[in-house]
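# Descriptive analysis of the structure
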Amino acid sequence: MWYMIHGIDRADSLAARQAARPAHLARLQALAEAGRLKLAGPLPAIDAEDPGPAGFTGSLVVAEFDDLAAARAWAEADPYLAAGAYARVDVRPFRPVLP
């Protein structure tokens, strides 16, 4: 089943995000290579492709896991959470409809 993982950044998370980014991307790449990643990306704090020092408010990942517990375990091991970039992570089932 597909799951939506919404990481919500803490205030002033940009430095922590930048430090943990390589490890965060490596985990996403592994999901992609396994054919389990539907989409992933950051949520800019302002309406701009590159928000600069404004940073991000979080990230969104939609990926396939065996069950909700597995999705939560994967999300709780995210380097952004460990580095303190995320204040919390919300994981919910997701049912793709379109396209």
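Our structure is the block above this text.
Let us look at the structure shown here. If you're wondering where the values come from, they're calculated on a predicted model, not measured in any experiment. (Residues numbered from 1 in each chain as written. Predicted model: local features only at pLDDT ≥ 70, side-chain atom pairs only at ≥ 80, totals over all residues. Heavy atoms only, no water.)

## Thoughts on helix H1 (residues 14-33)
Look at H1: 27 Å from first C-alpha to last across 20 residues, which is about the 28 Å you get at 1.5 Å a residue. Along H1, the sharpest change in direction is near 55° and occurs at Arg-21; proline Pro-22 comes one to four residues later. Of all the positions in H1, only Ala-16, Arg-17, Ala-20, His-24, Arg-27, Leu-28 and Leu-31 are classed as buried. Each element contacted by the buried residues of H1 is listed here: strand S1 (2-9), strand S2 (37-44), strand S3 (56-64), helix H2 (68-76), helix H3 (79-83) and strand S4 (86-94). (Helix = DSSP H or I, 4+ residues; strand = E, 2+ residues; numbered from the N terminus. Expected span 1.5 Å × (residues − 1). Bend = angle between axes of the 7 residues up to and from the residue. Buried < 20%, exposed > 50% of the residue type's maximum accessible area, 1.4 Å probe, protein only. Contact = heavy atoms within 4.5 Å.)

## Some words on the side chain of Asp-78
Residue placement: Asp-78 occurs in the loop between H2 and H3. Engagement of the side chain of Asp-78 in a polar contact is seen with the side chain of His-24, the distance being 3.0 Å. Ignoring any residue separated from it by four or fewer positions in sequence, one finds Asp-78 in contact with His-24, Arg-27 and Tyr-86. (Polar contact = N/O pair within 3.5 Å; in protein donor to acceptor, adjacent residues only side chain to side chain.)

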